[in-house]
Amino acid sequence: MNEKKVFTVIFILALFIYSGLSIYNTVPSIIWDFEQKENEIDDVFETAKSDISIIDDNISRNIYERYQAIEGYGVFNRILGKHEINGFDYALDPHNAYEPINFWSEANDISFRTFAQQLVMFRDDVEANGGHFTFLMFPHKMNDAWNKGFDGIPYNDFNEQADKFLHWLDFYGVDYLDFREVLDKSDMTFEEMFYRTDHHWTGTAAFTAFKSLVEYLNDEYKAGLDADGFYTDESNYEFGTIPNSFIGSAGRDVGVGYSGMDLEDFVTVKPLFNNKYEWTCSMGDITRQSLYCEEVLEYESIYDSDMYRYYLQGINSRDKIINCNDPDAPKAFFVRDSFASPLLANIAPLFSETGASWGKFTSDRYVKEEIINGDYDYVFVSYYPENLITEFFKFYAEDVEQYKLDYAIKQGYVREEK
Amino acid sequence: MVFSNLNFLFYFFPITLVGYFLLGFSLPLQNIWLLITSLAFYAWGEPMYVFLMIGSIIINWFLGIFIGKYREKKVIKARFFLAGAVIIDVAILIVFKYLSFIIENINLLLGDAKIPDPKIVLPIGISFYTFQAMSYVIDVYRGDAESQKNPLYMGLYIAFFPQMIAGPIVRYNTIEESIRSRKITFDDISIGINRFAIGLCKKVIISNNLAVMNDLFYDLIKTGRSLYEVSAVMAWLAAIGYMLQIYYDFSGYSDMAIGLGRIFGFKFEENFNYPYISMSVGEFWRRWHMSLGTWFKEYVYIPLGGSRVENQDKMVKNTLIVWILTGIWHGASWTFILWGLYNFLFIILERAVGYEKWNLPKWVKHLYGLLVFMFGWILFRSENIYQMREIIKDMFMLNDNTFINDTTLWVIKEKYIIYLLAIVFSAPVFPAFQKKLNDNKDKLYSIFPKIGYICVLSACVIFSVISLIRGGYNPFIYFNF
């Protein structure tokens, strides 16, 4: 037997079969993308590059049985007993959860003190308008309190950064609520607080945070929210799970097989009361009874699903939620990231109007013209530790720099430019 | 487009194969088909620079006609056209590859008088195809090949997709006959497919995995010891890992190129011959990137006189010129030039002391060779002298760094299989196994290894494809040249 010839026959057969199936999968998608293509570029070479890019993207996305291949790769790595996958993109932790890896090899010029100073200015403007300002720190999946990880693996742990930032908030007297402490004090297990294949927290963890936020606002600012304890009473909600249904963002990258477990159970929170909201967001103006979007719970392909959008459609650059049931309640605004979505869905009944803006799209102009002038009773900046980056702190950045310059001139450190 | 991409493997390659064999009734049509697909292959990554390559083809073809015409009777005219072709080819290379480097260094010398940097993007494969173009005109001048009257065939020689982007550098006289007439048997296809498959596995399974680690380690070293402490073991892993990565990356790609050429009836010369079993730097360069070494020997070293010169000083000078050019060929950076000089130094020293004839234990010679190659690759890989210095200091704990740490242990635990495979197969284990298989006359005994070969290679190819489908790191070092 000539083994090379046998291999050749197998190779050619497999190549043409797989190629045929992939071309069959890909061509309709390529045609569709070209039909949707907007904005003809003048430069013929740039146009060619753009067209080639469209074709290449489609080939990558629509190759035959793509997700089965990803799962197969994950299972193979699992069999080998590896704790990392995808070239150090992710590692497993002792809970079989996927954690991004970070070797902390990049120096940056992030100054948490400067971010805190920006929040001071933001707070001062809010308070000048009669409002209250609070920073909310969302929890990170990697935290010694509930997840120590395996030795030697450089997990993407941002708690040190979070602690440094909160230290400066303490220094400048900016109010904050650290949900890491809230969850640490709760009885919840890691599996109850976080999803294995996603970086987000569960609806259950978010509800615990919601209760602590209401308590905090009532204690600190005499807010008088939820006086009868109706909205913070768990018995007024149906906490459920959709078993074996969820795969998070990390899971969509790596597959579920790598963890050696099934799909996750997705936590749902269904209010047992009706409200009426007028909600303005990227989808337009919608009137709804609940901010939990059950329509996203059904999907064709698990790998194209994004069930976290159950909570307030995940994240929009802007949200405005009018609570038609209680027009006299206070108004609140959240500069936020995606972690805030379940929290907003929970807290919206307590306010007459809840505004929200995605931090990385919250410009200085927007804060000063829309938020400060919006007469909100409560303004929150609410971030997950990884979002303590310059991109999420565009507001008051120039004011702080100018303040520092003015101070330096006044002290004689710097000569004023004529 | 590269061979280890989905668009090549499952779209370009099958379509090219089908078209080629459907045109099997006409060799000229097959050649035109290969030229069209080769230009499309190049244009896929470089829609603008494909015209540069077409321009180079036309110029060299045109001048080659005149060189061929005047070569015998009007030698001075032939030399004039040859000089013109070489000057144009070298000028293209200088402008597109070295101009920014030249301007940067002039600006450093001038101080404030800044010449603006044109920031020209390096066209992929330019070093390879311009060398092939020069090979053609020189071979025609020397009478080693006939000038090619058909510009499409000339285009096929320069642009042929298997070897155009990253070699092997094919001298025109070695494939002139194949362009005009070739017969393809199932043996050729079979040898080609197997070679291609092995190359794909080397590139994707071994080289890409090593690349992830090496790039990470070098980044950590670049970060600086005040921010990140690189342990000595990690630094050694970076050094050894890069040695292995560049070998599997480049030899894997060469295997794929040679395999693809064979499928279409072209027999390219070998480019690698297990260079890491070498016991001297001289031997290493007879086993590493052989097509480049042959090109410099044929077109630079021997015309300068080579080793057959009246005095050794001239031989040393000739060798120095070749190694400076070899360094420069690899890239527009002082580290590459230094690397070329580093190799020159060891080659000359070995010749001077007659090292290859020394009667030392093989393991000593082998260790010497490996250490020299390894430090040479550190110089090659480092972005600058600072990074080179830091990695060497880290290797010998001169940065007050630890010998090993938890993260290094973890990386070893995760990736030791890759290192083992890479080290084992860097020696001619597979040919030895094949030889034993072929020598064994017992059919029953030999069937199991043959089935094993089919299963293992199939599994490796499947795993390689799965790795490509899931996406991930797929660099190619020699694309930068």
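Glancing now at the overall build of chain A. Check the secondary structure of chain A and you find 12 helices and 13 strands. When the backbone C-alpha atoms are referred to their principal axes, chain A occupies close to 85 × 65 × 50 Å. Split into buried and exposed, the 418 residues of chain A put 52% on the buried side. Summarising the internal contacts of chain A: among those between residues at least 6 apart in sequence, 71% fall at separations of at least 24. Total accessible area on chain A stands at roughly 19,500 Å², and carbon and sulfur atoms take up 48% of it. Charged side chains in chain A number 35 positive and 74 negative. The centres of these two groups are separated by 4 Å.

What follows is about the overall build of chain B. Broken down by element type, chain B carries 19 helices and 0 strands. Relative to a compact globule of 481 residues, whose C-alpha radius of gyration would be 23 Å, chain B shows 24 Å and is just as compact. C-alpha extents for chain B along the principal axes are approximately 70 × 70 × 50 Å. Looking at chain B residue by residue over its 481 residues, the buried ones come to 56%. A fraction of 76% describes how many contacts in chain B between residues 6 or more apart in sequence connect residues 24 or more apart. Charge separation in chain B, taken as the distance between the mean sites of 43 positive and 34 negative side-chain charges, equals 7 Å.

Sheet strands line up and pair through hydrogen bonds in the backbone, either parallel or antiparallel. All names here are of chain A. Pairing is mixed across the open sheet formed by 8 strands, whose spatial order is β5-β4-β13-β11-β12-β10-β8-β9. Both outer strands of the open sheet, β5 (176-178) and β9 (284-288), are each paired with one neighbouring strand and no more. Sheet twist, expressed as the mean angle between neighbouring strand axes with direction ignored, is 15°. Of the strands in this sheet, β4 (132-137), β11 (331-336) and β13 (378-383) touch helix α4 (residues 112-128), which is tilted by about 145° from β4.

What follows covers the domain arrangement of chain B. Residue and element names in this part refer to chain B. Each assigned domain of chain B is listed here: domain 1 (6-182) and domain 2 (188-469). For domain 1 versus domain 2, the separation of C-alpha centres amounts to 27 Å. Carbon and sulfur atoms make up 76% of the surface buried where domain 1 meets domain 2, a total of about 3,300 Å² over both sides. Run the count over domain 1 and domain 2 and you get 2 salt bridges. Notably, a salt bridge pairs arginine 142 with glutamate 298, separated by 3.8 Å at the nearest N-O pair. Applying the counting criterion to the domain 1 and domain 2 interface returns 11 residue pairs in polar contact (both at pLDDT 80 or more). Of all elements in the fold, only α1 (6-22), α2 (27-45), α4 (75-110), α5 (126-142), α7 (161-164) and α8 (172-180) reach the threshold of two or more residues within the side of domain 1 that touches domain 2. In terms of residue count, α1 provides more of the side of domain 1 that touches domain 2 than any other element does, 9 residues in total. Taken together, the residues that form the side of domain 1 that touches domain 2 break down as 26 nonpolar, 8 polar and 5 charged.

Residue and element names in this part refer to chain B. Put simply, helix α9 (residues 186-223) and helix α17 (residues 406-425) touch, their axes get as near as 10 Å, and they point 135° apart. In this view, α9 runs oblique relative to α17, as classed from their interaxial angle. Where α9 crosses over α17, the two elements pack in a sense that is left-handed. Between α9 and α17, the contacting residues are Ile205, Ile206, Asn209, Leu210, Met213 and Phe217 on the first element and Val411, Lys415, Ile418, Tyr419, Leu421 and Ala422 on the second. For the contact of α9 with α17, the class distribution of residues is 10 nonpolar, 1 polar and 1 charged.

The interhelical angle for the contact between helix α1 (residues 3-36) of chain A and α1(B), taken along N-to-C directions, is 115°, at an axis separation of 9 Å. The handedness of the crossing between α1(A) and α1(B) comes out as left-handed. Contact residues: α1(A) offers Phe11(A), Leu15(A), Phe16(A), Tyr18(A), Ser19(A), Ser22(A), Ile23(A) and Thr26(A), while α1(B) offers Leu9(B), Phe10(B), Tyr11(B), Phe13(B), Pro14(B), Leu17(B) and Val18(B).

For the rest of this paragraph, the subject is helix α3 (residues 50-70) of chain B. Residue and element names in this part refer to chain B. The terminal C-alpha atoms of α3 lie 30 Å apart, and with 21 residues this matches the ideal 30 Å at 1.5 Å per residue to within 8%. For α3, every residue scored as buried is listed here: Val50, Leu52, Met53, Ser56, Ile57, Asn60, Trp61, Leu63, Gly64, Ile67 and Tyr70. Check the buried side of α3 and you find it contacts α2, α4, α5, α6 (151-159) and α7.

So, on to the pairing of strand β8 (residues 277-281) of chain A. Residues and elements named next belong to chain A. Side chains Tyr277, Trp279 and Cys281 project from β8 onto a buried face, and the interleaved Glu278 and Thr280 project onto a face without burial. In this structure, β8 lies alongside β9, joined through 5 bridges in antiparallel fashion. Residue tryptophan 279 lies in a different strand from β9, and its bridge partner there is isoleucine 286. Remark: 2 residues form the turn of the hairpin made by β8 and β9, two consecutive strands paired antiparallel. In terms of strand pairing, β8 meets strand β10 (residues 318-323) through 4 bridges, oriented antiparallel. Note that in β10 the partner of threonine 280 across the bridge is lysine 320.

Side chains that are three or four residues apart share a direction in an α-helix, a result of its 3.6 residues per turn. Buried within helix α12 (residues 290-301) of chain B we find Met290(B), Ser291(B), Leu292(B), Trp295(B), Phe296(B), Tyr299(B), Val300(B) and Tyr301(B). Residues of α12(B) that are buried sit in contact with α5, α11 (281-287), α13 (312-330) and α14 (334-353) of chain B.

Another point: the state of the cysteines. Applying the stated criterion across every chain, the model contains 0 disulfides over all chains. Cys324(A) takes part in no disulfide bond, and the closest cysteine sulfur, belonging to Cys281(A), lies 15 Å away. Since its relative accessible area comes to 30%, Cys324(A) is described here as partly exposed. Unpaired in this structure, Cys460(B) has its nearest cysteine sulfur neighbour in Cys201(B), at a distance of 4.8 Å.

Residues and elements named next belong to chain B. Relative to the elements of secondary structure, glutamate 176 occurs in helix α8. Looking at glutamate 176, the relative accessible area reads 12%, which means it is buried. A distance of 2.6 Å separates polar atoms of two side chains, one belonging to glutamate 176 and the other to arginine 180. If sequence neighbours within four positions are ignored, glutamate 176 has contacts with Asp144, Ala145 and Glu146.

On to the nonpolar core. If you look at the biggest cluster of nonpolar residues, it comprises 176 residues, and the most contacted ones within it are Phe3(B), Phe8(B), Phe41(B), Phe161(B), Trp288(B), Trp377(B) and Tyr478(B). In terms of residues, this core owes the most to one element, helix α10 (residues 232-263) of chain B, which gives 19 residues. Apart from the residues within four sequence positions on either side, Tyr478(B) is in contact with Phe128(B), Ile246(B), Asp249(B), Phe250(B), Trp288(B), His289(B), Trp329(B), His330(B) and Phe380(B). Ranked by size, the runner-up nonpolar core spans 62 residues in total, among them Trp201(A), Phe207(A), Ala209(A) and Phe246(A).

Rules behind the numbers
- Residues numbered from 1 in each chain as written.
- Chains lettered and ligands numbered in written order.
- Predicted model: local features only at pLDDT ≥ 70, side-chain atom pairs only at ≥ 80, totals over all residues.
- Heavy atoms only, no water.
- Helix = DSSP H or I, 4+ residues; strand = E, 2+ residues; numbered from the N terminus.
- Buried < 20%, exposed > 50% of the residue type's maximum accessible area, 1.4 Å probe, protein only.
- Contact = heavy atoms within 4.5 Å.
- Areas by Shrake-Rupley, 256 points an atom, 1.4 Å probe, with all protein chains shown as cover.
- Lys, Arg positive; Asp, Glu negative; His and termini not counted.
- Charge placed at Lys NZ, Arg CZ, Asp CG, Glu CD.
- Rg over C-alpha atoms; globule rule 2.2 N^0.38 Å.
- Pairing = 2+ DSSP bridges.
- Axes fitted to C-alpha atoms, helices over the stretch in contact; angles between N-to-C directions.
- Domains from an automatic or database assignment.
- Buried area = accessible area lost by both parts, 1.4 Å probe.
- Salt bridge = Lys/Arg side-chain N within 4 Å of Asp/Glu carboxyl O.
- Polar contact = N/O pair within 3.5 Å; in protein donor to acceptor, adjacent residues only side chain to side chain.
- Nonpolar A, V, L, I, M, F, W, Y, C, P; charged D, E, K, R; others polar.
- Parallel < 35°, antiparallel > 145°, perpendicular 65-115°, else oblique.
- Left-handed = near helix turned anticlockwise from the far one by under 90°.
- Expected span 1.5 Å × (residues − 1).
- Disulfide = S-S within 2.5 Å.
- Core = buried A, V, L, I, M, F, W, Y, C linked by side-chain atoms within 4.5 Å.

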